[in-house]
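# Structure at a glance
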Amino acid sequence: MLNMLCKILTEMCFFSLLIIVFSCKSTEVTYKEETPSIVSKTIILKKKTYNHNKSMLLVTSYKDDLSSIKTIYYKVLDSKSKIVLREGVFVGMKLEWYTFNQLQGHKYIGMVEQNNSQFSKNNQKKKNITIINIEN
């Protein structure tokens, strides 16, 4: 009886194994060729600043990115009448008010090899700055 039971169990296991193997269907897997698209969202920053006596308004706009060299579009407006006194493009690091009617633009200067005897901080500072005059 034990022998018969063992034989039936092995046949059942074998039969169930055959059913499992033959019931599995293979499907062909197809891959879609997708080109990865990296979408970077460019953010335009707009900044408004008044000069020292608040008679003029400086409006700047530039892209917010990791580059230290920025293309800054600027307009100088009369604060009361909103007439454009000066507009243009400055390429550098920063543009800000210097005096009541002058803008100070900081240019980007990369690594420059210089002789140590000719190097002075004041001389280097003046080379990195551009002054833009605004006529009323």
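Everything below is about the structure printed above this text.
In this report, the structure presented in the accompanying data block is examined. (Residues numbered from 1 in each chain as written. Predicted model: local features only at pLDDT ≥ 70, side-chain atom pairs only at ≥ 80, totals over all residues. Heavy atoms only, no water.)

A word on a positive patch on the surface. Residues Lys 46, Lys 48, Lys 75 and Lys 82 make up a contiguous surface patch of positive charge. Looking at where Lys 75 falls in the secondary structure, it is placed in strand S3 (residues 70-78). The exposure class of Lys 75 is partly exposed, given its relative accessible area of 39%. (Patch = residues over 30% accessible without salt bridge, like charges linked within 9 Å, V, L, I, M, F, W, Y side chains within 5 Å. Areas by Shrake-Rupley, 256 points an atom, 1.4 Å probe, with all protein chains shown as cover. Salt bridge = Lys/Arg side-chain N within 4 Å of Asp/Glu carboxyl O. Lys, Arg positive; Asp, Glu negative; His and termini not counted. Charge placed at Lys NZ, Arg CZ, Asp CG, Glu CD. Helix = DSSP H or I, 4+ residues; strand = E, 2+ residues; numbered from the N terminus. Buried < 20%, exposed > 50% of the residue type's maximum accessible area, 1.4 Å probe, protein only.)

Counted by the stated rule, this structure contains two salt bridges. For Glu 96, the salt bridge identified is with Lys 94, shortest N-O distance 3.8 Å. Given the relative accessible area of 27%, Glu 96 is considered partly exposed.

The next subject is the pairing of strand S2 (residues 56-63). By the criterion of burial, S2 is predominantly enclosed, with seven of the eight residues buried. Here strand S1 (residues 44-50) runs beside S2; their pairing, made up of seven bridges, is antiparallel. When the sheet's bridge partners are listed, Tyr 50 is paired in S2 with Leu 57. What sits between S1 and S2 in their antiparallel hairpin is a turn of five residues, with Lys 54 showing a positive phi close to 60°. (Pairing = 2+ DSSP bridges.)

Nothing here speaks to function; it is all geometry.
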